[in-house]
Amino acid sequence: MPYAFTYEVPIGPDTYARIKDELGPDSPPGMILHLAHNTDQGLRYVEVWESKEAYLDFVDKRLHPVVDRVVTQALGFRPPEPPVTMLDFVDVWTGEPAA
């Protein structure tokens, strides 16, 4: 069963773009889906991974080093980890990227 959750972060699309640029073009192993959308407080992510272990490995090895640097630079401090809401997914259906 996929590991799926959502959380909100206090950053805007410009900071998000810097994070993605520094992460590089390669999708993390085990990632099924990542969505980011605007909210009144920043961005909300919806994540679907093959397993919790795959997600935690990505966070530890790739995401946190980049986020710590970029977000601290953008906000002037490193905010605490956001609360996570687990999602009880029934299905995940992804299509081919648009050309």
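Scroll up a little and you will see the structure.
Residues numbered from 1 in each chain as written. Predicted model: local features only at pLDDT ≥ 70, side-chain atom pairs only at ≥ 80, totals over all residues. Heavy atoms only, no water.

**Details of the overall build of the chain**
- Within the chain, the secondary structure is distributed over 2 helices and 4 strands.
- Along the chain, helices (α) and strands (β) appear in the sequence β-α-β-β-α-β when read from the amino end.
- Computed over its C-alpha atoms, the radius of gyration of the chain comes to 14 Å, within 12% of the 13 Å expected for a compact globule of 99 residues.
- The C-alpha extent of the chain, read off along each of the three principal axes, is 40 × 30 × 25 Å.
- The buried share among the 99 residues of the chain stands at 31%.
- Long-range contacts, defined here as pairs at least 24 residues apart, represent 74% of the contacts in the chain between residues at least 6 apart.
- In the form shown here, the chain has an accessible surface area of approximately 6700 Å², with 55% of it arising from carbon and sulfur atoms.
- Separation between the mean location of the 8 positive side-chain charges and that of the 16 negative ones in the chain comes to 6 Å. (Helix = DSSP H or I, 4+ residues; strand = E, 2+ residues; numbered from the N terminus. Rg over C-alpha atoms; globule rule 2.2 N^0.38 Å. Buried < 20%, exposed > 50% of the residue type's maximum accessible area, 1.4 Å probe, protein only. Contact = heavy atoms within 4.5 Å. Areas by Shrake-Rupley, 256 points an atom, 1.4 Å probe, with all protein chains shown as cover. Lys, Arg positive; Asp, Glu negative; His and termini not counted. Charge placed at Lys NZ, Arg CZ, Asp CG, Glu CD.)

**Here's the deal with the layout of surface pockets**
- In this model, the largest pocket occupies a volume close to 690 Å³.
- As for the largest pocket, its lining consists of 33 residues, and the residues nearest its centre are Tyr 7, His 34, Tyr 45, Glu 47 and Leu 63.
- Those elements that place two or more of their residues in the lining of the largest pocket are strand S1 (3-9), helix H1 (13-23), strand S2 (31-38), strand S3 (43-49) and helix H2 (52-75).
- No other element matches the 8 residues that H2 contributes to the lining of the largest pocket. (1 Å grid on protein atoms, 1.4 Å probe; cavity = no way out; pocket = protein on both sides within 12 Å on 5 of 7 lines; lining within 4 Å. Points joined across faces, edges and corners; volume = space filled by probe spheres on them.)

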